[in-house]
Each structure stands twice: as C-alpha cells, then as structure tokens.
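The chain contents come next:
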Amino acid sequence: MGWPFIGETLSFFKPHRSNSIGTFLKQRVSRYGKVFKSNICGGKAIVSCDQELNMFILQNEGKLFTSDYPKAMHDILGKYSLLLATGEIHKKLKNVIINFINLTKSKPEFLLCAENLSISMLESWKNCHEIEFHKEVKMFTLSVMVNQLLSIKPEDPARGYVLQDFLSYMKGFISLPVPLPGTAYTNAIKARKRLSARVLGMIKQREHEEEEMKNAREEDFLDVIISNKGLNYEEKVSIVLDILLGGFETSATLLSLVVYFLAKSPNLLHKLKKEHGAIRANKGDGELLNWEDYQKMEFTQNVMSEALRCGNIVKTVHRKATHDIQFKEYVIPRGWKVFPIFTAVHLDPSLHDNPFEFNPMRWTDKGKMNKKTTAFGGGVRVCPGGELGKLQIAFFIHHLVLSYRWKIKSDEMPIAHPYVEFKRGMLLEIEPTG
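From a predicted model like this one, the values you see are computed outputs, not experimental measurements. (Residues numbered from 1 in each chain as written. Predicted model: local features only at pLDDT ≥ 70, side-chain atom pairs only at ≥ 80, totals over all residues. Heavy atoms only, no water.)

Asks: Is there a simple way to think about the overall build of the protein chain in this case?
Replies: Scanning the protein chain from N- to C-terminus turns up 18 helices and 13 strands. Relative to the 2.2 N^0.38 estimate, which gives 22 Å for 434 residues, the radius of gyration of the protein chain is 22 Å and therefore close to what a compact globule would have. Judged by the C-alpha coordinates and their principal axes, the protein chain covers about 60 × 55 × 40 Å. The long-range fraction of contacts in the protein chain, counting pairs at least 24 apart against all pairs at least 6 apart in sequence, stands at 72%. For the protein chain, the exposed surface amounts to about 20,200 Å²; the carbon and sulfur share of it is 55%. Positive and negative side-chain charges of the protein chain, numbering 59 and 48 respectively, have mean locations separated by a distance of 7 Å. (Helix = DSSP H or I, 4+ residues; strand = E, 2+ residues; numbered from the N terminus. Rg over C-alpha atoms; globule rule 2.2 N^0.38 Å. Contact = heavy atoms within 4.5 Å. Areas by Shrake-Rupley, 256 points an atom, 1.4 Å probe, with all protein chains shown as cover. Lys, Arg positive; Asp, Glu negative; His and termini not counted. Charge placed at Lys NZ, Arg CZ, Asp CG, Glu CD.)

Here it is in structure tokens:
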C-alpha cells in the first residue's frame, strides 16, 4: 500500500510513454494480477487492468460507483463541470452538450470552418522547414471550437489569450493543491477565473444586445446556451469551458498521435495518401470537402481509431464505490477509490494480437474492436464529442497528406502525464510534396 497518506500515488501517476502501461503497472500486474489494491490520492484503491471489470465499473456509474476526482480538479474545474457533476445535474449538462454536438455536426458551416482553417494553417507553413506540430494543431482545433461556439474569428487576439489560459488550466489538473503564488495549481485557478470572466462577459453583453445587432450576426451555440432558461450563469459558463476543453485538447492530441504513428509507418502513410488522392481526384479544382467525402475516408477512420488505441489519450478515470460490491472473486469495499485502466486493456496481448504494433487493419471489424477498447470511456459518461473531433481531424489530414512530407525526431515519443504531451513537442521536419 506504499507510504502513509501518499501511498503509491507518485508511482501511479509517474509519466511514461503513453503507448505503454508504464513500469508501475507492469510490475504490479506481473506480481498481483490484473486487479490489485493500492493507496492512491489519499485513500484505499482498487486498480483494474481487466476488461470485464472496467466495463462493469463504467456501466454502473450512478448505481454502484460515482465520480471521485482529487481536490485540485474540483477547485480548478468548478462544481458544474461535466467531469465532476453527478445525477440530475450531470444529465442536464450532458444533454446541452449533446445538443451542441448534434447541431454542429450537421452544419455545413462547421465543415467549411474546419476545412478553411486547415488550409490556411498549412499555407502558413509554406516557407518553414521545421514546425512545432503539437502547438500548431492546438491552435487549429481551438480556432475551430471558439469559432463555432463563441464566433471568435482566427484574426481575433482573444484566441491567443484563450489558448494560453487553457494550457495553464491543463497543467493544474495533475498538480498538488498547493495554494502558493506561482504553483501550477494557483496558475490554473487564475486561468479558469480569467476564462470564466471572459465567457460571462460575452453572455451578459449578448443579453443586453440590441435586436438589430443580434440579427446582423450569425447565431452560434452561445446564443443557444443563453436562451436555455433552465441553466444558471455558472452552469452556462461551465458548459462553454467543458466544450472548449474537450473539443480542442483531445482533438489536437489525436491529430498529433496520428502524425506520429504515420511517420513511423511509411507503408500506411502511402495507403492513406492513396485514399485522399482518390477523393481529391473526384473534386473540382479548389472544391471543398463535404459530409459524403468524410464517409469515404474509411482507412482514415481506422488510422484514427488505432491511434486512439495505441496512444491512449485517457489513461484512466477516477471512481469510488458507493456500496460493497462483489464482482466475480473480487470484493470492492464501499468508499474505496476505483481506477479502471483503459491503457492496460488497449495494450492487453490476450485481447489484441501484437498489441504494441500500430496496425489500422485490425479495425476492419469495428464492432469487435469497439468491445475491446474504451478510448472515449463508456456508460453514462461516454465522451459525447468523439465523432465531432474525428471529423475536423480527417479534414486536416486530407490536406496535410496531399501537401507535405514529414519526419519526426528519432527520440520523439508520446508521454502520459496523465494527459498526453510529446517529448519534443512533435517537432517536424517538413517539405511540400509539390
């Protein structure tokens, strides 16, 4: 159980390659099996690397288990974050976010925005030999989200401030809650306050907007949230921050993982180029992509799914048992923390042949693979925006593979902090294909 109070927390969260389970889990699983007890985040815990138990935990959220994140997360995210809310509040907030996703996905303006921003970003690299890819694509995915959600345009300086605040916000998630000036925790709380004030200011400004001003601009999702009388100000702000955080951070990470794995697999990259070349051949000069084109990107879909399985954007979630629970030969005592490890299931040799090999072909049977992976979580807390993220990534990849060749640094690797960062920031050597 490790040291008093701290237990094995530091070993459990120690950064490691995200396409591995890390030394701590490897040692514990070989010694105790796929399910073992520990002391993590100040309490007794069960750690599960077992696919069936993980699914049982996810499917019984709200019945036998509840969300249980550390204090730092509560302080930074606020009580109305979708990640922390439970019961009826969680249901209400999730419905608003699902409404956003369904509205956005079907809007031609969303596809247009994602593609135009892809093209302009790739254009801006024309005279570059080297780019910090992960940083660049964070700006791309954030630009798409703030445009759709808040009508903030790429040329608006607010976009840069929002990105900086979100990066501080992210660093606080894995920090110790030390309320001293300059700590990651304090900086994250300040960043959230600035982001909240910015969003609240926009909400109040629009509430007092003249009718003709309202009619002069296109309606965005912030207008939809404002018109929802069942939400208070705090909930409205929290929904906006949740959509932005979920929409930009995970999408940028997935895009970087795709580019990372393709750099190591020239044959797969060639196959992907052929798929996109065929789609482009059927389009007029400069003609933009549409929903039908996205549906033709079958191999691209498989590449994204395999990058999620191998790269593991989300290593685990924090849960707590609300009852004494019997699962097969295991008893989980009430009040114990529970950590279902998604990475362990994604890289389990008993579930996947050559689990450490990046092989998109394994996704030809999607139904079978979906049962063996939980890249977007599961149960009532399954990530609602997965498809929306994949859509903008596919459009970006289309133009990237047709415009550039790239090389990564030999020592580059994705690292789980637990959120994924790259050792060298995905520094790419690039050259135009033309």
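Asks: Teacher, can you tell me more about the nonpolar core here?
Replies: Considering soluble globular proteins, one finds that nonpolar side chains tend to be buried as a cluster. Ranked by size, the top nonpolar core spans 106 residues in total, and within it Trp 125, Phe 133, Phe 166, Phe 396, Leu 400, Trp 406 and Leu 428 carry the most contacts. Ranked by the residues each element gives to this core, the list is headed by helix 12 (residues 233–263), at 17 residues. Leaving out residues up to four positions away in the same chain, Phe 396 has contacts with Ser 118, Met 121, Leu 122, Trp 125, Phe 133, Val 137, Phe 140 and Leu 255. (Core = buried A, V, L, I, M, F, W, Y, C linked by side-chain atoms within 4.5 Å. Buried < 20%, exposed > 50% of the residue type's maximum accessible area, 1.4 Å probe, protein only.)

Asks: Got a minute to help me understand the environment of Ser 196 in this structure?
Replies: Locating Ser 196 in the fold gives a position in helix 9 (residues 184–207). The exposure class assigned to Ser 196 is buried, which follows from its relative accessible area of 13%. Measuring from C-alpha to C-alpha, the distance between Ser 196 and Lys 315 comes to 28 Å, with 119 residues separating the pair along the chain. Other than its neighbours up to four places away in sequence, Ser 196 contacts Val 237 and Leu 241.

Asks: What is the right way to look at the pattern of salt bridges in this model?
Replies: Pairing is possible between side chains of opposite charge, provided their charged atoms come close. For the coordinates displayed, the defined rule picks out 21 salt bridges. Where Glu 8 meets Arg 28, a salt bridge forms, and the shortest distance between an N and an O atom there is 2.5 Å. Of the two residues, Glu 8 sits in the segment before helix 1 (9–12) while Arg 28 sits in helix 2 (residues 22–32), which places them 20 residues apart along the sequence. Just as Glu 8 is buried, Arg 28 falls in that class too. Measuring nitrogen to oxygen at the nearest pair gives 2.7 Å for the salt bridge that ties Arg 194 to Asp 165. Of this pair, Arg 194 sits in helix 9 while Asp 165 sits in helix 8 (residues 158–172), placing them 29 residues apart in sequence. (Salt bridge = Lys/Arg side-chain N within 4 Å of Asp/Glu carboxyl O.)

Asks: For this particular structure, what's the right way to read the environment of His 398?
Replies: Along the chain, His 398 turns up in helix 18 (residues 386–403). Setting aside its immediate chain neighbours within four residues, His 398 contacts His 276, Ile 279, Arg 280, Leu 289 and Met 297. A polar contact of 3.2 Å, which involves the side chain of His 398, links it to the side chain of Arg 280. (Polar contact = N/O pair within 3.5 Å; in protein donor to acceptor, adjacent residues only side chain to side chain.)

Asks: Teacher, can you tell me more about the sheet that holds strand 9 (residues 337–340) here?
Replies: By way of backbone hydrogen bonds, the strands of a sheet pair with one another, either parallel or antiparallel. Pairing is mixed in the open sheet, where five strands are placed in the order 2-3-9-6-4. Whereas interior strands pair on both sides, the edge strands pair on one side only; in this sheet they are strand 2 (35–40) and strand 4 (65–67). Direction aside, the axes of adjacent strands within the sheet are offset by 35° on average. Two strands pair when backbone bridges link them, and strand 3 (residues 43–48) and strand 9 are joined in this way by four bridges, in the parallel orientation. What sits directly across from Ala 45, in strand 9, is Lys 337. (Pairing = 2+ DSSP bridges. Axes fitted to C-alpha atoms, helices over the stretch in contact; angles between N-to-C directions.)

Asks: Explain the packing of helix 15 (residues 298–311) against helix 18 here, please?
Replies: The interhelical angle for the contact between helix 15 and helix 18, taken along N-to-C directions, is 120°, at an axis separation of 11 Å. For the element pair helix 15 / helix 18, the angle class is oblique. For the pair helix 15 and helix 18, the sense of crossing is right-handed. For the pair helix 15 and helix 18, contact is made by Thr 300, Gln 301, Met 304, Ser 305 and Leu 308 and by Glu 387, Lys 390, Ile 393, Ala 394 and Ile 397, respectively. The class makeup of the residues in the contact of helix 15 with helix 18 is five nonpolar, three polar and two charged. (Parallel < 35°, antiparallel > 145°, perpendicular 65-115°, else oblique. Left-handed = near helix turned anticlockwise from the far one by under 90°. Nonpolar A, V, L, I, M, F, W, Y, C, P; charged D, E, K, R; others polar.)

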